Amino acid sequence: MYQNPNPSSTPDPTSNPNPNPSGSGEGDQSRRHRKKLAQVHDLARRLAASDAAGRVEAAREVRRLARSSAKARSAFAVAAVVEPLVAMLPSHDPDARESALLALLNLAVRNERNKDTVVKSGALPHLVELLRSETSSLRELATAAALTLSASPSNQLTIATSGAVPYLVKILISGSIQGKVDAVTTLYNLSTCRDSSSLTLPVDAAEPLLTLLKDCKKYSKFAEKATSLLEILSKTEEGRNSISDLDGGILTLVETVEDGSLLSTECAVGVLLSLCCSSPQKYKELILKEGAIPGLLLLTVEGTEEAQKRARKLLDLLRDQPSRRASEDLRIAAYDIAARVDGPRKAASTAKRLLHDMIKRNMELTMARMEHRAAPYTPKTLVK
């Protein structure tokens, strides 16, 4: 039988200096970390170099790596990489501008901290300039970047007051379909910031918003954003005129009240109410002519609490119109809603109750107004 002449050379499992299998994994992780740091250092060096072509190639590599994983996006969003990319944005070289913009855009996607880092690094003024670019591809890339950055609540006020809004509206008017969608979503994001009063929309936005709303599904997220922006516009006289002057504008809003989601119906009825409250004689007939009564009545039953409140108020304003057609519309609409809610057998009684409730509420409001007018005048006590 063969015997090992040197038994001490036989491997002893207990003598393994690293018996924990996880040690190998920790070593691999450490090596990957060192490799990533070296990669970041190399890209930062190349982005800071004087060779323009090398900077462009480095920016393209940042874009490629940032697209690969969330970890890569976090690793490369450091000042040594982001700041030279921002510095490339005002370059006279179209390739440099585009490659830097795409790299920053990919770093910011799905990473809130990176969005804030890009804005704090001074990218915003350059983005506004790119929104003004004569090159349509750069304008739309800048719009996509503005959309990504505006998704972070901490950036919204800064972007809203940066001067970007008028140029986003220009994209909304004349951009590609994707550019228009990005512009609407960016403007909507800005409208949701804590100080939303900082967002002033040019009246030029009314026509493209209504056109897009007309062509999209009324219950879509896009319709919610468009109607929300239209409601902002309806708060000024110029905005209301722009909305009502557009052929089919009021009809589009009425259709949204009928077919929209909870949010888009709430915003659409808010626009109609704003029109009617500002000038009842001007807008009542226009709204009635488009057949608004059925949708409004249905909204008093199925809408959000705010939508129901708005719909009831608008119906009260419309019912003041001494029109036989309006009264007939009310009866037909009430029956139609009742049939949907309680079925054909109970439709007549439910419709009668709906109309009765509306009439009762209108009488209560009328009595309250009369009592207010009849109240004796009591002079305020003078304070010496």
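Calculation rules
Residues numbered from 1 in each chain as written. Predicted model: local features only at pLDDT ≥ 70, side-chain atom pairs only at ≥ 80, totals over all residues. Heavy atoms only, no water. Buried < 20%, exposed > 50% of the residue type's maximum accessible area, 1.4 Å probe, protein only. Helix = DSSP H or I, 4+ residues; strand = E, 2+ residues; numbered from the N terminus. Arc of directions from axis to C-beta. Contact = heavy atoms within 4.5 Å. Polar contact = N/O pair within 3.5 Å; in protein donor to acceptor, adjacent residues only side chain to side chain. pLDDT = per-residue confidence, 0-100.

A description of helix 10 (residues 165–174) should follow, citing residues and the corresponding values.
Listed in full, the buried residues belonging to helix 10 are Val-165, Leu-168, Val-169, Ile-171 and Leu-172. Seen along its axis, helix 10 keeps its buried residues to an arc of 155 degrees; they face one direction. Away from its buried face, by an angle of more than 90 degrees, helix 10 presents the exposed residues Lys-170 and Ser-174. Here the buried face of helix 10 lies against helix 7 (123–131), helix 8 (136–150), helix 9 (153–160), helix 11 (177–191) and helix 12 (206–215).

Summarise the environment of Tyr-283; cite the residues concerned and give the values.
Relative to the assigned elements, Tyr-283 resides in helix 17 (residues 280–289). Classification of Tyr-283 as buried rests on a relative accessible area of 2%. For the pair Tyr-283 and Ile-250, spaced 33 residues apart in the sequence, the C-alpha separation amounts to 9.6 Å. Dropping the residues within four chain positions of it, Tyr-283 is found in contact with Arg-240, Asn-241, Ser-244, Leu-275, Cys-276 and Ser-278. At 3.4 Å, the side chain of Tyr-283 forms a polar contact with the side chain of Lys-282.

Any details on the confidence of the model for the protein? Residues and values, ideally.
Of all residues in the protein, 80% have pLDDT values of 70 or greater, and the mean over the chain is 85. In this model residues 1–17 is a low-confidence stretch, pLDDT under 50, and it forms two contacts with partners more than four residues away in sequence or in other chains. Here residues 377–384 scores under 50 on pLDDT; set against residues more than four positions off or in separate chains, the count is zero contacts.

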